[in-house]
Structures are given as structure tokens and as C-alpha cells.
Amino acid sequence: MNNAIVRLNPSQLLVLVFLFFIILGTVLLKLPFATTTQVTWTDALFTATSSMTVTGLAVVDTGTVYTLFGQLVILALIQIGGLGIMSFAVLIFMLLGKRIGFRERLLVQQSLNHTSIGGVIKLVKSLFIYSFTIELIAMCFLAITWVPEFGWSRGMYLSFFHSISAFNNAGLSLFPDNLMGYVGDPIVNIVISFLFIIGGIGFTVLADIWYKRKFKKLSLHSKLMIIGTFIINAFAMFVVFVMEFHNPHTLGAMSEMSNKLWAAYFQATSPRTAGFNTIDIGHMHEATITFMLLLMFVGAGSGSTGGGIKLTTFLVIVLSVMSFLKQKQQITIANRAIKETIIFRSLAISMISFLFIFLAVFILNITEPEPFLKLLFETVSAFGTVGLSMGITADLSNIGKIIIVFIMFLGKVGPLTFAFSLAKPRQEKIRYPSEDIMTG
């Protein structure tokens, strides 16, 4: 058995460990004292997967169906899934004073989607310090709103749960209507959005900012993530505000301009894998939903708690297209050339992601009686580990739920990691002559 584990490559081992925790979470959530009412094995599996992959899609109401024990199991899965299984393994190794070998470092690199094996242990240490500190501070700020409303114990618990859920981009809430009751609350809007933006920007970027302090000294990846996140969020807010301004079911129903602005801001930033909502997603205009599909597909940053193909992947593809149209020999940005391997990797991630989403939507259109746009939205939300829904999650058939479970799993472990876990790498020793083929 040990020899079989040793022969597994990092991608295969990572996939198996993820599956183990999902199965463990499913069993724990199926225990009689984990729920207030009977849940099926499929629903328990769905909830465990949604928590472990920090997606946030829910087939039952988390706040009423699950007991305190069940909610703590969900919270533990969110924290482990968000910060990375191998990161927790390294933490345990360090606490026990054990040596962290090359294989463990390789697994951490794969888990965090880090570009190199160097500095991964330092990154893990920083990751835990940043994460727990930010979650603790955020919990205190959220308590300002929820302790006066719900009392000391309930208010602190709600603050604790939502700070972890938000920082890890899970989007699971203990409120039946998510955060719709706090659409105009500045503290809830600022704290929750700050948590999922920081969590989605990537731990590598946070560490880079902490150690270098000045923007000019940051790596190209960090600069792209910071600038790209700001531009996309600002543009998305403008689009949501304009498209939904007169919608009587969303922004149009709000009398105060401040509430409209808070709602537009929050719902523009949330599709970048957060999953919280302050307005009814199911009643948004189809044009807005279509725009949100792109945001969910792109997702957050590499090495973050979020999913999607990642912002930098999207930017590399856009730059590649622009360079091709300008007939440039190299793809450059900020006086730096992008390696061909990065371009091929970005294309592979995007293509594999598109194919799996297409296949999932195709099957769901056969098994589910829901409209195409709702099924597409649910699938892309699952892939981007976003957790936003147009209200069809609970109505999916068992087959539909299993399809979404697989897509959530794929979105979290990453298309390439999943593909590498199935494929056998083969080094070609023969070079063949090239020949042109017609394209376009």
C-alpha cells in the first residue's frame, strides 16, 4: 500500500486526499446529531463537496437543517479546503518538529498552484498568519452589527462563521436569504467584500506585498493581479449598476441611492468566486447574468481560495490574441516577455474547462427540466467555486446534483491537476518535421 502511494504523482495524491476529506465530511454530515432533519446521502455529499471546494452552493438551508456540530463540520471543511490540505499537513509537521521533505514541498506547490518549489514553506507560514489574523479582525468588525441584533453568543458565532466563509470565498451563509437583509449595511458590505477580495487575490500576492511594501518592487504576477482586480471590479460595478438600475426586482426596488450603490458594488465583486449575494440573483436581467457568467468563469487569482480559470490565465490569453493581431513575435507586458509554456498552460486550462462545462450543461439539459440559462449559470458557478445560484440548486435531480458535485471538485483541484492525475506524462525523444495546416 505504501509503495502504491509513493508511486502516485503529486496531482494524483492531491486528488485522492481531496476525495478522502469530501467522503469524511459526507459521513460526518450524515450523522444523526449533525442535522435537525433527515438528509439524503446525495445532499450530504453535495454539502461536503460544496464546503470542501469552498463553492457555497446549497441544497438545504445551512442555518436551519444543520446543528451546531454540522455547521462546525462545514466550517472545518471550508477552512481546510480554502487554505489547502497540504498547507495544514505542513503546519502539523512543523508543530511536531518533523522534517519537511522534497515530496511534501512538491505537494504544497501543487496545492497552492505556486510557480516554483522554492519558498513554499515560508509561504505556508505566512498564509496561516495572514489568514487567522484577518479572519479574527473581520469577526470583531462584523460583531459590531450582529451582536446588538442577535445577542453576544449568537452574534459572535455569526461573525465567526461568516468571516471564515467569506475569507475562503465559500459564500455559505447561516441566513436563509444569504445577506439580502444587509444590502445597505456598510459594515457587512465592506467587511465581507474585503475578505473575499483579499482571499481571492492570492496568498503569493499578499506575501509579496508584505515583504516588498512598494508597488514598483512587486513581481509581475502581483502587479497584474492588483491592477486587474481593481479594473474588473470597477467595470463590473458600473455594468451591474447600469443594467439593474430600473429592475423592480433588484436595484429598482431600492429607494435610497446608497443602497443601490452598495448592492451594485457587492454583486459586482461577488461573482469572482465569493458566492454571497445581497440581491436576488434569479430576478436579475439576462444580460447581467450573461456578464456574470464571464466573471465566474475567469474567477480569482492563482494560489488563492477562489476558483475559475484564474485572472492571470485570462489576461495571458487576451495578451496572446492582441500580440497575434499586432503580428508580434513575443508576448510582452511591462517590458517582460511571457514564456511559451505559460501561454500553452493558459490555453490548456481554458480549453479543458470549457469542454467540461459544455459536457456538464449538455447532460443537465437532458436530466433537468430547468431553462438553459439557469443550468449554464449553475454549472459555471460550480466550476468557478462561486456558489451563486438562480434558485435551482435544491430542485436538481440526484443525477444533476452529482454532475454539479463533479464540476465543483474539478473547479477546486484545477483542470490541469485533474487531467495530470489521469494522464501519464511521456517525454518525446523524437523531433518531427513541421508542416503548415490551414486555420481560421
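Conventions we followed
Residues numbered from 1 in each chain as written. Predicted model: local features only at pLDDT ≥ 70, side-chain atom pairs only at ≥ 80, totals over all residues. Heavy atoms only, no water. Helix = DSSP H or I, 4+ residues; strand = E, 2+ residues; numbered from the N terminus. Buried < 20%, exposed > 50% of the residue type's maximum accessible area, 1.4 Å probe, protein only. Contact = heavy atoms within 4.5 Å. Areas by Shrake-Rupley, 256 points an atom, 1.4 Å probe, with all protein chains shown as cover. Axes fitted to C-alpha atoms, helices over the stretch in contact; angles between N-to-C directions. Parallel < 35°, antiparallel > 145°, perpendicular 65-115°, else oblique. Left-handed = near helix turned anticlockwise from the far one by under 90°. Nonpolar A, V, L, I, M, F, W, Y, C, P; charged D, E, K, R; others polar. Expected span 1.5 Å × (residues − 1). Phe/Tyr/Trp six-rings, centres within 6.5 Å; stacked < 30°, edge-to-face > 60°. Salt bridge = Lys/Arg side-chain N within 4 Å of Asp/Glu carboxyl O. Patch = residues over 30% accessible without salt bridge, like charges linked within 9 Å, V, L, I, M, F, W, Y side chains within 5 Å. UniProt positions renumbered as here; feature names shortened; annotations may be inferred. Polar contact = N/O pair within 3.5 Å; in protein donor to acceptor, adjacent residues only side chain to side chain. Core = buried A, V, L, I, M, F, W, Y, C linked by side-chain atoms within 4.5 Å.

1. A word on the overall build of the chain
The number of helices and strands found in the chain is 19 helices and 2 strands. Burial statistics for the chain: of 440 residues in total, 53% are counted as buried. Excluding contacts between residues fewer than 6 apart, the proportion of contacts in the chain whose partners are at least 24 apart in sequence is 68%. Put simply, the chain shows about 21,500 Å² of open surface, and 68% of that area lies on carbon and sulfur atoms.

2. A few points about the side chain of Ser346
Position of Ser346 relative to the elements: it lies in helix α16 (residues 340-367). The exposure class assigned to Ser346 is buried, which follows from its relative accessible area of 4%. Once residues within four sequence positions are removed from consideration, Ser346 is found in contact with Thr313, Val316 and Ile317.

3. Some points on the packing of helix α12 (residues 220-244) against helix α13 (residues 257-269)
At their nearest, the axes of α12 and α13 sit 8 Å apart, and the two run at 125 degrees to each other. Of the possible angle classes, the one that applies to α12 and α13 is oblique. Along this stretch, α12 crosses α13, giving a crossing that reads as right-handed. Across the interface between the two elements, Asn233, Ala236, Met237, Val240 and Phe241 from α12 touch Met257, Lys260, Leu261, Ala264, Tyr265, Ala268 and Thr269 from α13. Taken together, the residues that form the contact of α12 with α13 break down as 9 nonpolar, 2 polar and 1 charged.

4. Focus: the packing of helix α15 (residues 311-325) against α16
Running from N to C, α15 and α16 cross one another at 115 degrees; their axes reach a closest spacing of 9 Å. Taken together, the axes of α15 and α16 lie roughly perpendicular to each other. Seen from above, α15 lies across α16 with left-handed handedness. Contact with α15, carried on its side by Thr313, Val316, Ile317 and Ser320, involves Ile342, Ile343, Ser346, Leu347, Ile349 and Ser350 of α16 and no other residues of that element.

5. Considering helix α18 (residues 398-413)
Taking 1.5 Å as the rise per residue, α18 with 16 residues should run 22 Å; its terminal C-alpha atoms sit 23 Å apart, in good agreement. Of all 16 residues in α18, 12 are buried; the element is thus mostly enclosed. Note on α18: the residue one or two positions beyond its end, Gly414, has a positive phi of about 100 degrees.

6. Comments concerning the packing of aromatic side chains
Under the definition given, this model contains 15 aromatic pairs. Arranged with centres 6.3 Å apart and planes meeting at 80 degrees, the rings of Phe18 and Phe409 form a pair that is edge-to-face. With Phe18 in helix α2 (residues 10-29) and Phe409 in helix α18, the pair connects residues that are 391 residues apart, well separated along the chain. For Phe409, a relative accessible area of 6% gives the class buried.

7. Looking at the environment of Met254
Following the sequence through the fold, Met254 ends up in the loop between α12 and α13. In this structure Met254 comes out as buried when scored by relative accessible area, which is 13%. Beyond its immediate stretch of four places on either side in the chain, Met254 contacts Val183, Asn259, Lys260, Ala263 and Ile279.

8. Quick word on the pattern of salt bridges
A full pass over the atoms with the stated rule returns 2 salt bridges. Put simply, Asp43 and Lys401 hold a salt bridge, and the shortest N to O gap is 2.8 Å. A residue pair is termed long-range when its members are at least 10 positions apart, and Asp43 in helix α3 (residues 41-52) and Lys401 in helix α18 qualify at 358 residues. Grouping residues by exposure puts Asp43 and Lys401 together as buried. Asp208 is the partner of Lys212 in a salt bridge, and the nearest nitrogen-oxygen pair spans 3.2 Å. Taken together, the residues Lys212 and Asp208, both in helix α11 (residues 203-212) and 4 residues apart, mark about one turn of the helix.

9. A few points about a nonpolar patch on the surface
Judged by side-chain polarity, Met351, Phe354, Leu355, Phe358, Leu359, Phe362 and Ile366 come together as a nonpolar surface patch covering roughly 760 Å² of accessible area. For Met351, the location among the structural elements is in helix α16. Classification of Met351 by relative accessible area gives partly exposed; the value is 47%.

10. Section: the environment of Thr290
Here Thr290 shows up in helix α14 (residues 286-298). Spatially, the C-alpha atoms of Thr290 and Phe377 are 8.4 Å apart, while their sequence positions differ by 87 residues.

11. Description of the UniProt feature "transmembrane region" (unreviewed entry) in the chain
UniProt annotation of "transmembrane region" (unreviewed entry) refers to residues 12-29, 72-96, 127-147, 187-211, 223-243, 291-321, 342-366 and 402-423 when read in the numbering used here. Helix makes up 96% of residues 187-211 and strand makes up 0%, while its end C-alpha atoms are separated by 29 Å.

12. Some details on helix α5 (residues 68-83)
Between its first and last C-alpha atoms α5 spans 22 Å; for 16 residues at 1.5 Å apiece the expected length is 22 Å, and the two agree. Counting buried positions along α5 yields 12 of 16 residues, so the element is predominantly enclosed.

13. Observations concerning the side chain of Thr35
With respect to the helices, strands and loops of the structure, Thr35 is situated in the loop between α2 and α3. Using a relative accessible area of 12% as the deciding quantity, one classes Thr35 as buried. One polar contact links the side chain of Thr35 to the main-chain carbonyl oxygen of Thr37, over a distance of 2.8 Å. Sequence-distant contacts of Thr35, defined by excluding residues within four places in its chain, comprise Leu29, Val65, Tyr66 and Thr67.

14. A few points about the nonpolar core
Ranked by internal contacts, the top residues of the largest apolar core, which has 106 residues, are Trp146, Leu179, Ile192, Ile281, Phe377 and Ile404. Ignoring sequence-local partners within four residues, the contact set of Trp146 consists of Gly151, Gly155, Leu158, Ser159, His162, Phe175, Leu179, Tyr182 and Val188. If you look at the next biggest cluster of nonpolar residues, it comprises 7 residues, including Leu224, Val316, Ile333 and Ile343.

15. Describing unusual backbone geometry
Phi is positive for Asn169, which is not a glycine, with a value near 60 degrees. When you line up the elements, Asn169 lands in the loop between α9 (152-167) and α10 (186-201).

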